[in-house]
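Here are the chains, one letter per residue:
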Amino acid sequence: KAGVTQTPRYLIKTRGQQVTLSCSPISGHRSVSWYQQTPGQGLQFLFEYFSETQRNKGNFPGRFSGRQFSNSRSEMNVSTLELGDSALYLCASSLVASGGGTDTQYFGPGTRLTVL
Amino acid sequence: QKEVEQNSGPLSVPEGAIASLNCTYSDRGSQSFFWYRQYSGKSPELIMFIYSNGDKEDGRFTAQLNKASQYVSLLIRDSQPSDSATYLCAVKGDQAGTALIFGKGTTLSVSS
């Protein structure tokens, strides 16, 4: 079974631009979570989508948004990019057969975003 | 503020030794506990998860959970140079949609 895929793998943008990142979960997985990883802050939760609905959101500004499509693929968007948005953006998918908290999350390879 | 604490290391052990990685968490409502391994420049890879108090073994890896002490650990037996990586502890509540809360990771270095 193919793993989680993310596109693009690398991205360079300038301040003020916006960016859209894409994530395709493992086949059959219905939940997609997004994380930001930086050397200083580690892995931080952005948001989680299940059945096209955002179920949970981390403590990030409104410039960060996302959505999920009917095929479970997800996108996240960052508007008005700032230098501090430079990070590895990771997507993780989980099965969520019953909606319980024990579902295991599997990570994609990430998108490395550099903001100049 | 839910927190997960790990000793950042680096933890250095010789090849063949046991590496012990520790993690404490603040939220008593946490129900699921995960260990991920992350090589430099790569994404986190799941090693194992544990839900119940006690030990859980998987090959050279053993996870230990003590909910009363809010403590989870990972033991790596017969450590190999290929085990050199950053190990991330993550905890999760029992509600649907709750996020994984990660520690900042412990860097393990296994010398040959």
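Use the structure listed above.
What you are looking at is a predicted structure, and each value in this text was computed from that prediction instead of being measured.

(A) Main features of the environment of Ala-63 of chain B. Residues and elements named next belong to chain B. For Ala-63, the location among the structural elements is in strand S7 (residues 61-66). Spatially, the C-alpha atoms of Ala-63 and Ile-76 are 9.0 Å apart, while their sequence positions differ by 13 residues. For Ala-63, the residues in contact, after removing those within four places along its chain, are Trp-35, Met-48, Ile-50, Gly-54, Asp-55, Lys-56, Ser-73 and Leu-74.

(B) Geometry of the packing of aromatic side chains. Tallied over the full model, the rule gives 13 aromatic pairs over all chains. For the ring pair Phe-47 of chain A and Tyr-49 of chain A, a centre distance of 5.7 Å and an interplane angle of 70 degrees mean the geometry is edge-to-face. By the burial criterion, Phe-47 of chain A is buried, and Tyr-49 of chain A matches it. Between Phe-107 of chain A and Tyr-36 of chain B, the ring centres sit 5.3 Å apart and the planes meet at 85 degrees, which makes this aromatic pair edge-to-face. Of the two residues, Phe-107 of chain A sits in strand S10 (residues 106-107) while Tyr-36 of chain B sits in strand S4 (residues 32-38), which places them in two different chains. The exposure class assigned to Tyr-36 of chain B is buried, which follows from its relative accessible area of 0%. A connected cluster of aromatic rings, assembled from ring pairs, spans Tyr-35, Phe-45 and Phe-107 of chain A together with Phe-34, Tyr-36, Phe-49, Tyr-51 and Phe-102 of chain B.

(C) Highlighting the state of the cysteines. Evaluation of the coordinates by the stated rule reveals two disulfides over all chains. With its sulfur 1.7 Å from that of its partner, Cys-23 of chain A forms a disulfide with Cys-91 of chain A. Note on the Cys-23 of chain A and Cys-91 of chain A pair: the S-S dihedral is about -40 degrees, so by sign convention the disulfide is left-handed. Of this pair, Cys-23 of chain A sits in strand S3 (residues 19-24) while Cys-91 of chain A is found in strand S9 (residues 87-94), placing the two residues 68 residues apart along the sequence. The pair Cys-23 of chain A / Cys-91 of chain A is uniform in exposure class, with both members buried. Covalently, Cys-23 of chain B is tied to Cys-89 of chain B through a disulfide, its sulfur atoms 2.1 Å apart. Disulfide Cys-23 of chain B-Cys-89 of chain B: the torsion about the S-S bond is -70 degrees, which places it as left-handed.

(D) Looking closely at the interface of chain B and chain A. Facing the 22 residues of chain B at the interface are 22 residues of chain A. Both sides of the chain B and chain A interface together cover about 1,600 Å² of buried area, and 55% of this is carbon and sulfur. Taken together, the connections running from chain B to chain A amount to zero salt bridges. Secondary-structure elements contributing two or more residues to the side of chain B that touches chain A are S4, strand S5 (45-50) and strand S9 (85-92) of chain B. A per-element tally of the side of chain B that touches chain A places S4 of chain B first, with four residues. Its residues assigned to classes, the side of chain B that touches chain A comprises eleven nonpolar, seven polar and four charged.

(E) Spotlight on the pairing of strand S11 (residues 106-111) of chain B. All names here are of chain B. Residues of S11 alternate between two faces, with Thr-106, Leu-108 and Val-110 buried on one and Thr-107, Ser-109 and Ser-111 left unburied on the opposite face. Strand direction decides the pairing type here: S9 and S11, joined by three bridges, are antiparallel. Counted as the bridge partner of Thr-86 is Thr-107 from S11.

(F) Main features of the sheet that holds strand S1 (residues 5-7) of chain A. Residue and element names in this part refer to chain A. Taken together, the four strands give an open sheet; going across it, the order is S1-S3-S8-S7, and neighbouring strands pair in antiparallel fashion. Each having just a single partner strand, S1 and strand S7 (64-68) make up the two edges of the open sheet. Within the sheet, the average angular offset between the axes of one strand and its neighbour, ignoring direction, is 20 degrees. When S7 meets strand S8 (residues 74-78), the two strands line up antiparallel, connected through five bridges. Counted as the bridge partner of Gly-66 is Met-76 from S8.

Reading the values: the criteria
Residues numbered from 1 in each chain as written. Chains lettered and ligands numbered in written order. Predicted model: local features only at pLDDT ≥ 70, side-chain atom pairs only at ≥ 80, totals over all residues. Heavy atoms only, no water. Helix = DSSP H or I, 4+ residues; strand = E, 2+ residues; numbered from the N terminus. Contact = heavy atoms within 4.5 Å. Phe/Tyr/Trp six-rings, centres within 6.5 Å; stacked < 30°, edge-to-face > 60°. Buried < 20%, exposed > 50% of the residue type's maximum accessible area, 1.4 Å probe, protein only. Disulfide = S-S within 2.5 Å. Buried area = accessible area lost by both parts, 1.4 Å probe. Salt bridge = Lys/Arg side-chain N within 4 Å of Asp/Glu carboxyl O. Nonpolar A, V, L, I, M, F, W, Y, C, P; charged D, E, K, R; others polar. Pairing = 2+ DSSP bridges. Axes fitted to C-alpha atoms, helices over the stretch in contact; angles between N-to-C directions.

Limitation: the analysis is restricted to geometry and does not speak to function.
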